[in-house]
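# Remarks on the overall topology
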Amino acid sequence: MQLAVLGRLLSVGRAVLAALRESLGALCWSLAPLSLPLSLSLPGWRDPDPRPGLEREGEDAPPTPTSVNYHFTRQCNYKCGFCFHTAKTSFVLPLEEAKRGLAMLKEAGMEKINFSGGEPFLQDRGEFVGKLVQFCKQELELPSVSIVSNGSLIRKHWFEKYGEYLDILAISCDSFDEDVNVLIGRRQGKKNHVENLHKLRQWCREYAVAFKINSVINRFNVEEDMNDQIKALNPVRWKVFQCLLIEGENSGEDALREAEKFVISDEDFDRFLDRHKDVSCLVPESNQKMRDSYLILDEYMRFLNCRNGRKEPSKSILDVGVEAAIKFSGFDEKMFLRRGGKYVWSKADMKLDW
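Quick look at the structure, then. Since this is a predicted model, take the numbers as computed values, not measurements. (Residues numbered from 1 in each chain as written. Predicted model: local features only at pLDDT ≥ 70, side-chain atom pairs only at ≥ 80, totals over all residues. Heavy atoms only, no water.)

## Thoughts on helix 2 (residues 95-107)
- Over its 13 residues, helix 2 extends 19 Å from the first C-alpha to the last, a length consistent with the 18 Å expected when each residue adds 1.5 Å.
- Of the positions making up helix 2, those classed as buried are A98, K99, G101, L102 and L105. Take helix 2 and look down its axis: the buried residues cluster within an arc of 160°, on one side only. Helix 2 presents E96 and E107 as exposed residues on the side facing more than 90 degrees away from its buried surface. (Helix = DSSP H or I, 4+ residues; strand = E, 2+ residues; numbered from the N terminus. Expected span 1.5 Å × (residues − 1). Buried < 20%, exposed > 50% of the residue type's maximum accessible area, 1.4 Å probe, protein only. Arc of directions from axis to C-beta.)

As structure tokens, this is what we get:
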């Protein structure tokens, strides 16, 4: 009898301690992003209930986070009019917490991590993303570590320090006409985006980093012929996206961008693809393929569900674990595989003439 009573008391004690730990954790994280605007709610993963309409998606076995895109910052030095991950907060996780989350993802089956933003090289002049790249390759031994950047802030000394740990550097370039880049917002000051692209291509050769180009096809570049320029740069992949609208990000009343004027039809996108069908490295991604086939982590390490045309955050993996959070990601694993999301993504396996 006494043992039963003691058992119940221990159970109650554990529950009380767990509740206190959760409350203290929430307090610490709510104080961390001091630059978070007061008009915003505190980090959404603290909500006790999942977002409406997402609970049914968690009934099946969760997908494996084979390839993850970690948007660890929303800050950017460019103002691309179609951007759908806009700067509503300047919050960035402390380095050790980011590493803890990445280790959890590796344990859950992650093979490829892609660091994005915002602009990843803004934080600590590239040191933050450099340390994460080194950690993922050296400590976690991930097969593939990549970065997507506009390239404007990358310096040669970064390659000297971290290049050996990076598999792929993807540079965003939507046009080879500087006037068009200005219209899009992909420029800062007098720096020539295209000239900088060629410089980065050369550094990737020197430091054995696979070079990739990402282009968003929109109203201002849809008629452009990029065949010669892409073939001359010879990237391992040329990812071509159709301009996508996300409610609350680049569309709608509470958005920081108004991307409607950039949108093109499916027929326009197909015509652009047909014009470039002889480019062997071309990887096309329509809105249908892109919307649900990416695992996206935001700056709080919450998976973002885009199925309803918005970015609905899960709870943070740092609080509830990867398996619990990923159930509400809206991730379509079959579409991920169908669009060619898994490819030769480790530079050790690429047969490239550096």
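## A short note on a negative patch on the surface
- Taken together, the side chains of E247, E253, E258 and E260 present a region of like negative charge at the surface.
- The residue E258 is located in the loop between strand 6 (237-242) and helix 8 (266-275) in this model.
- Accessibility expressed as a relative area gives 65% for E258, which makes it exposed. (Patch = residues over 30% accessible without salt bridge, like charges linked within 9 Å, V, L, I, M, F, W, Y side chains within 5 Å. Areas by Shrake-Rupley, 256 points an atom, 1.4 Å probe, with all protein chains shown as cover. Salt bridge = Lys/Arg side-chain N within 4 Å of Asp/Glu carboxyl O. Lys, Arg positive; Asp, Glu negative; His and termini not counted. Charge placed at Lys NZ, Arg CZ, Asp CG, Glu CD.)

## Points about the packing of aromatic side chains
- In this structure the tally under the stated criterion is 15 aromatic pairs.
- Seen in terms of ring centroids, W238 and F272 are 6.2 Å apart; in terms of plane orientation they differ by 65°. Their pairing is edge-to-face. With W238 in strand 6 and F272 in helix 8, this residue pair connects regions lying 34 residues apart in the sequence. Each member of the pair, W238 as well as F272, carries the same accessibility label: buried.
- Among the aromatic residues, those joined into a ring-pair cluster are F121, W158, F159, Y162, W203 and Y207.
- The side chain of R237 reaches across the aromatic face of Y343, ending 3.6 Å from its centre.
- The positively charged end of R339 is found above the aromatic ring belonging to Y294, 3.8 Å away from the centroid. (Phe/Tyr/Trp six-rings, centres within 6.5 Å; stacked < 30°, edge-to-face > 60°. Lys NZ or Arg CZ within 6 Å of the ring centre and 35° of its normal.)

## Quick notes on the side chain of R302
- Note on placement: R302 falls in strand 9 (residues 302-305).
- Residue R302 is classed as buried on the basis of its relative accessible area, which comes to 10%.
- Reaching out from R302, the side chain makes a polar contact with the side chain of D298 at a distance of 2.8 Å. (Polar contact = N/O pair within 3.5 Å; in protein donor to acceptor, adjacent residues only side chain to side chain.)

## Description of the packing of helix 2 against helix 3 (residues 127-139)
- The interhelical angle for the contact between helix 2 and helix 3, taken along N-to-C directions, is 35°, at an axis separation of 11 Å. Two packed elements cross with a definite hand, and for helix 2 against helix 3 that hand is right-handed. Contacts from L95, A98, K99 and L102 of helix 2 reach helix 3 at F128, K131, L132, F135 and C136.
- When the residues that make up the contact of helix 2 with helix 3 are grouped by side-chain class, the tally is seven nonpolar, no polar and two charged. (Axes fitted to C-alpha atoms, helices over the stretch in contact; angles between N-to-C directions. Left-handed = near helix turned anticlockwise from the far one by under 90°. Contact = heavy atoms within 4.5 Å. Nonpolar A, V, L, I, M, F, W, Y, C, P; charged D, E, K, R; others polar.)

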